[in-house]
Every structure is written in structure tokens, then in C-alpha cells.
Amino acid sequence: MRLDKFLKVSRLIKRRTVANEACDNGRVSVNGRVVKASYDVKVGDILEITMGPRAVRVEVLQVAEAVRKDDAGTMYREV
């Protein structure tokens, strides 16, 4: 699954366009490397998202095309 879609489905970022812009501006890194929105997310990847003064670091536990709002938190865990 593409990185921008994962960020939206997991609800780490509300909209896919915002996720895409964050990737284009170098605010999202995977395993310590800045990547583009087209990066293929895999289980075990460590994502670091910097939005303003706040930085979030999560590990990908599950990759699913569609998830209910209540289950979105099961796709990752904060590190």
C-alpha cells in the first residue's frame, strides 16, 4: 500500500492530499529515510511524521485497504 494511503486509512493524517503534501515536503520518513508518497509500506516499518512542533513515531503492525474507524489504531503502535 502507498504511504499516503496508509497514513489516511490508519487516520494518522486526516486527508490523503495532506498526507501527500507532507511526504512531498520531507516531513515523513520511513526507517530513518525521507521517502515519497509512493513508497510501499510494509509491516515492521518505522514511520516518523513531523507536523509543526509535534513529531510522531510509529511502527506499522498491519496493512489493510479499508479499516473501520474504531480499528484504525490497530494498524500501528507508537514507539
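Residues numbered from 1 in each chain as written. Predicted model: local features only at pLDDT ≥ 70, side-chain atom pairs only at ≥ 80, totals over all residues. Heavy atoms only, no water.

Moving on to the nonpolar core. Formed by 24 residues in total, the largest nonpolar core has its most connected members in Leu3, Phe6, Leu7, Val28 and Leu47. At the level of elements, α1 (3-9), α2 (16-24), β1 (28-30), β3 (46-51) and β4 (54-60) are the ones that each hand at least two residues to this core. If you tally residues by element for this core, the top one is α1, at four residues. When residues no more than four places from it in sequence are discounted, the contact partners of Leu3 are Cys23, Val28, Val30, Val35, Lys36, Ala37, Tyr39, Val41 and Leu47. (Core = buried A, V, L, I, M, F, W, Y, C linked by side-chain atoms within 4.5 Å. Buried < 20%, exposed > 50% of the residue type's maximum accessible area, 1.4 Å probe, protein only. Helix = DSSP H or I, 4+ residues; strand = E, 2+ residues; numbered from the N terminus. Contact = heavy atoms within 4.5 Å.)

It is worth spelling out the sheet that holds β4 at this point. One open sheet accounts for five strands, arranged β2-β1-β3-β4-β5; its pairing is antiparallel. At either margin of the open sheet sits one strand with a lone partner, and together these are β2 (33-34) and β5 (76-78). Two elements, β1 and β2, share two bridges in a ladder whose sense is antiparallel. Considered in β2, the bridge of Ser29 is made with Val34. (Pairing = 2+ DSSP bridges.)

Turning to the pairing of β3, a few remarks are in order. The pairing of β1 with β3 spans three bridges and is antiparallel. Paired with Val30 across the strands is Leu47, a residue of β3. Note: β3 against β4, six bridges, orientation antiparallel. Bridging from a neighbouring strand, Glu48 pairs with Arg57 of β4. Here β3 hands over to β4 after two residues, with Gly52 in that stretch at a positive phi of 65°.

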